[in-house]
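# Structure assessment
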Amino acid sequence: MAVSAPDMSLYSFVRPLLFALDAETVHNWTIRLLASKNADYIPPDDFDDALASEVAGLRFPSPVGLAAGLDKNARAPWQFLGMGFGFVEVGTLTPLPQPGNPKPRLFRLAQDEAIINRMGFNNAGQTAALDRLARLRRAYPKAIVGVNIGANKDSADRIADYAQGVARMGPAAAYLTVNVSSPNTPGLRGLQDGAALAELLDAVNAVRNAKTPPIFLKVAPDLEPEEVETITALVIEKKIDALIVANTTLSRPSLISRHANESGGLSGAPLNDLAMQRLKDFRMATKGKIPLVAVGGIDNADEAYARIRAGASLIQLYSALIYHGPSLVGLITQGLAARLHADGFAHIKEAVGVDV
Ligand SMILES: Cc1cc2nc3c(=O)[nH]c(=O)nc-3n(C[C@H](O)[C@H](O)[C@H](O)COP(=O)(O)O)c2cc1C
């Protein structure tokens, strides 16, 4: 990973204060603050033209997106778009509201620039977010806000929960993400297994209609080569529009922070190598037939560019935003454009997968 330049942003001065406080409390304040601002977002049209591309039939003005989990309840998607993200993924939203796991359940591993979370799909439910999302869509039909959907922990039929999510949230979403890769809902990752995944995708397809937006599938980084092959074959067969690679990992690359042994999903810098490897695996398996969205440990323009060259059409980030603040979005975006131009690519599409 490239060494970042010293961070002199305002955030670098505020960060020690925020990091002295409980992580989830700071998270909740931040979302509340952002949500309290007027929705005065005007979709930016000042992205470098080289960054725009069509993926799954949607026009993304920039490939740099906010990953799911930060704005679970779609309280402030326009504020994140206003930070310079080309697209935002809200959720995971489940059909019914649920409190998630007992606290504490969110840990900063500052020395590792990582996060461990075992939130467990805490969210206010799909219905509560619908109005806000529908309003945003009416006001800014071009803005790309994807909705990540999941199943309730106590649901008697988890597959039906996903079908319900597609039917209910589809009209309010630019795209939907079927999230079967959270490690914090017991058994959920089992839906990535062949027979279960086939059943799930059939149920999703049964409720799909002309108005349903593109459907993405978000997978775990903790997959064996045969699992990558099985998932790829099913995604192609069942006409899923894109794969998001990947969610947090249950593995524990060497970590030094005191919270290293907390249970839950690990994200941030230590996830980088694993997420990159899985991206390459999926690029090889899909042979460019399915667009890939890279997520996991991306915290600078070099890494974002490397993922694109490894096969990603889009990238997302979450943990790096906590460590580097909102100015990182512009740095990565501008850095990506500069790297594309330096390598003689007129459009990002030309760079996708050139290294694999
Ligand atoms: C606190 C926290 C909560 C998350 N919640 C969700 C979630 O609800 N749904 C989801 O698909 N991914 C969730 N994620 C995973 C992220 O979207 C992303 O896949 C992962 O953090 C790796 O990216 P990063 O290293 O840039 O953070 C969460 C991550 C964190 C740190």
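Residues numbered from 1 in each chain as written. Predicted model: local features only at pLDDT ≥ 70, side-chain atom pairs only at ≥ 80, totals over all residues. Heavy atoms only, no water.

Attention now moves to helix α6 (residues 194-206). Here α6 is 13 residues long and its end C-alpha atoms lie 18 Å apart, about the 18 Å a rise of 1.5 Å per residue gives. For α6, the full list of buried residues reads L197, A198, L200, L201 and V204. Down the axis of α6, the buried set is contained in an arc of 165°. They therefore lie on one face. Facing away from the buried side of α6, by more than 90 degrees, are the exposed residues A195 and A206. Residues of α6 that are buried in the fold lie against α5 (158-169), β8 (176-179), β9 (215-219) and α7 (225-237). (Helix = DSSP H or I, 4+ residues; strand = E, 2+ residues; numbered from the N terminus. Expected span 1.5 Å × (residues − 1). Buried < 20%, exposed > 50% of the residue type's maximum accessible area, 1.4 Å probe, protein only. Arc of directions from axis to C-beta. Contact = heavy atoms within 4.5 Å.)

Pairing between side chains of opposite charge can happen when the charged atoms of each approach one another. In the structure shown here, the tally under the stated rule is twelve salt bridges. One salt bridge connects E262 with R118, and the closest N-O pair in it is separated by 3.0 Å. Note that E262 is positioned in the loop between β10 (242-245) and β11 (265-268) and R118 in the loop between β6 (114-117) and α4 (126-139), a separation of 144 residues in sequence. Relative accessible area serves as the criterion here: at 24%, E262 is assigned to the partly exposed category. Judged by relative accessible area, R118 falls into the buried class, the value being 18%. (Salt bridge = Lys/Arg side-chain N within 4 Å of Asp/Glu carboxyl O.)

On to the nonpolar core. Of all hydrophobic cores here, the largest spans 96 residues; its most connected members are Y162, L217 and L243. Looking at which element gives the most residues to this core, the answer is helix α11 (residues 327-342), with six residues. Excluding anything up to four places from it in sequence, L243 contacts L217, V219, I231, V235, F282, T286, I290, P291, L292 and V293. (Core = buried A, V, L, I, M, F, W, Y, C linked by side-chain atoms within 4.5 Å.)

The next thing to look at is the packing of aromatic side chains. Under the defined criterion, the tally for this structure stands at four aromatic pairs. Both rings, one in F60 and one in F87, keep their centres 5.0 Å apart while their planes meet at 90°; by these two values the pair is edge-to-face. You can see F60 sitting in strand β2 (residues 58-60) and its partner F87 sitting in strand β4 (residues 87-93), a full 27 residues away along the chain. Here the two residues F60 and F87 agree in accessibility, since each one is buried. Among the aromatic side chains, those forming a connected cluster through ring pairs are F60, F87, Y175 and F216. The ring of F19 carries R108 above its face, with NZ or CZ at 4.5 Å from the centroid. (Phe/Tyr/Trp six-rings, centres within 6.5 Å; stacked < 30°, edge-to-face > 60°. Lys NZ or Arg CZ within 6 Å of the ring centre and 35° of its normal.)

Read around the closed barrel, the eight strands follow the order β3-β4-β7-β8-β9-β10-β12-β13; overall the barrel is parallel. For this sheet, the mean angle separating the axes of adjacent strands, direction not counted, is 25°. The pairing of strand β3 (residues 64-66) with strand β13 (residues 312-317) spans three bridges and is classified as parallel. By the bridge assignment, L66 is partnered in β13 with L317. In this fold α5 packs onto β4, β7 (145-149), β8 and β9, with an angle of close to 155° to the strand it touches most, β7. (Pairing = 2+ DSSP bridges. Axes fitted to C-alpha atoms, helices over the stretch in contact; angles between N-to-C directions.)

Because side chains alternate across strand β12 (residues 292-295), one face comprises the buried residues L292 and A294, and the other comprises V293 and V295, equally buried. Looking at chain direction, β10 and β12 are connected through three bridges and run parallel. Counterpart to V245 in the pairing with β12 is A294. Taken together, the four bridges between β12 and β13 define a ladder with parallel strand orientation.

In the vicinity of the ligand, 24 residues are found, and the nearest of them are A68, T92, K218, G297 and S319. The side chain of K72 places a nitrogen or oxygen atom 2.9 Å from an oxygen atom of the ligand. The backbone of G297 places a nitrogen or oxygen atom 2.7 Å from an oxygen atom of the ligand. Within the complex, 98% of the 600 Å² of free accessible area of the ligand lies under protein. Among the secondary structure elements, those contributing two or more residues to the shell around the ligand are β4, β6 and β11. Looking at the shell around the ligand residue by residue, the class counts come to nine nonpolar, 13 polar and two charged. (Near = heavy atom within 4 Å. Polar contact = N/O pair within 3.5 Å; in protein donor to acceptor, adjacent residues only side chain to side chain. Areas by Shrake-Rupley, 256 points an atom, 1.4 Å probe, with all protein chains shown as cover. Nonpolar A, V, L, I, M, F, W, Y, C, P; charged D, E, K, R; others polar.)

With that out of the way, let us pick up the sheet that holds strand β5 (residues 106-109). Ordered in space as β5-β6-β11, the three strands form an open sheet in which the pairing is antiparallel. The open sheet is flanked by β5 and β11, the only strands paired with a single partner. Averaged over all pairs of adjacent strands, the angle between their axes in this sheet comes to 20°, without regard to strand direction. One ladder, built from four bridges, connects β5 with β6; its direction is antiparallel. Across the sheet, the residue bridging to L106 is N117, located in β6.

With that out of the way, let us pick up the environment of N205. Mapped onto the secondary structure, N205 falls in helix α6. Each C-alpha atom of the pair N205 and I256 lies 44 Å from the other, and the pair is 51 residues apart in sequence. Among the polar contacts listed, one links the side chain of N205 to the backbone oxygen of K238, at a separation of 3.0 Å.

With that settled, the discussion passes to the pairing of β6. Side chains of β6 alternate between two faces, with A114 and I116 and I115 and N117 buried alike. Joining the antiparallel neighbours β5 and β6 is a turn of four residues, in which E113 adopts a positive phi near 50°.

Everything listed here is a matter of geometry and, on its own, says nothing about what the molecule does.
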